Amino acid sequence: MEPENLLPSIVWRGNYSGNLDLIKKRIYSYIESKPYSMTNLYGNCIQSSAADEPPHEWEELTDFNTWFADSYMEPWKNWNYELTDNIVPKSWFTYYPKEAYAGAHTHNMVSLICIFYVNAPSGNLEIQNPLFYHWEGTPRRNGLEWLEIPVNTGDVIMIPGWVNHRTKPNESDDNRMIITINLYAH
Ligand SMILES: [Fe+2]
């Protein structure tokens, strides 16, 4: 028997092999220059404002943006989305010092979330199985409610905005840094 994959794949993985040093430097300089424009989230993680110098407009992301423009089309088509030019991006970075994590959340009204792991020493992504409740009443061995996705520096994960997701805590002394790009298409 082989699976017949009729359903779209909700988690997509890629890897950006470009240089990350200048991007990391830009994040550190932002943190030093704008300590009050950032939001403290769960477990001491720090988030930049999506309205103020969003990363997708940084010149340090020029090469990444070219890579991203090609890469998101595959999940976009797999999810049966319209091909439209009417796409609005929003972006920000999140910085996780030791023990910081993100609690479970979704991105309301977002067509596609791109999570770019600029530095990922520790703290995998987890998504909630959207079919979890549908397997109730079956002889399942465990709930398979939260599914862990290993992530490394340079990885890029794309999921639809409705997928509930969270992160494991950063257990490293090194800081974890991600850039999130939300695409809104209407
Ligand atoms: Fe998120």
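Everything discussed here concerns the structure shown above.
Reading guide: rules and limits
- Sequence order sets the numbering: in each chain, residues are counted from 1 along the sequence as written.
- Only residues with pLDDT of at least 70 are given local features in this predicted model, and only at 80 or more are side-chain atom pairs given and counted; all residues enter the totals for whole chains, interfaces and linings.
- The rule for pairing is simple: two strands pair if DSSP sees at least two bridges between them.
- Put simply, DSSP marks the helices as runs of H or I at least four residues long and the strands as runs of E at least two long, and each gets a number from the N terminus on.
- Helix axes are fitted only over the stretch in contact, all axes being lines through C-alpha atoms; the angle between N-to-C directions runs from 0 to 180 degrees.
- The exposure scheme places C-beta atoms from the backbone and then counts, for each residue, the other C-beta atoms within 10 Å of its own, assigning buried at 20 or more, exposed at 12 or fewer, and partly exposed in between.
- The term nonpolar core refers to a group of buried residues, namely Ala, Val, Leu, Ile, Met, Phe, Trp, Tyr and Cys, whose C-beta atoms join them within 7 Å.
- Residue pairs qualify as contacts under a 7 Å threshold applied to their C-beta atoms, which are placed from the backbone.

1. Observations regarding the sheet that holds strand β9 (residues 165–167)
Link 1 in the chain: In space, the three strands of this open sheet follow the order β7-β6-β9, with antiparallel pairing throughout. Edge positions in the sheet fall to β7 (146–149) and β9, since each has one partner strand and no second. Averaged over all neighbouring strand pairs, the angle between strand axes comes to 30 degrees, with direction disregarded.
Link 2 in the chain: Relative to β7, strand β6 (residues 125–128) runs antiparallel, the two sharing four bridges. Across the sheet, the residue bridging to Gln 128 is Trp 146, located in β7.

2. Regarding the pairing of strand β5 (residues 112–119)
Link 1 in the chain: Most of β5 is tucked away, with six of its eight residues classed as buried.
Link 2 in the chain: Taken together, the seven bridges between β5 and strand β10 (residues 176–185) define a ladder with antiparallel strand orientation. Residue pairing for β10: Ile 115 is matched across the bridge by Thr 180.
Link 3 in the chain: By the bridge criterion, four bridges tie β5 to strand β8 (residues 155–159) in an arrangement that is antiparallel. Of the residues in β8, the one forming a bridge with Cys 114 is Met 158.

3. Quick look at the nonpolar core
Link 1 in the chain: The biggest cluster of nonpolar side chains holds 32 residues, and the ones touching the most others in it are Cys 114, Phe 116, Val 118 and Ile 178.
Link 2 in the chain: Every element with two or more residues in this core is listed here: α1 (21–33), α2 (62–71), β4 (87–96), β5, β8 and β10.
Link 3 in the chain: Looking at this core, the element that brings in the most residues is β5, giving six residues.
Link 4 in the chain: Here Phe 116 is in contact with Tyr 16, Phe 64, Val 156, Ile 178 and Ile 179, once residues within four sequence places are set aside.

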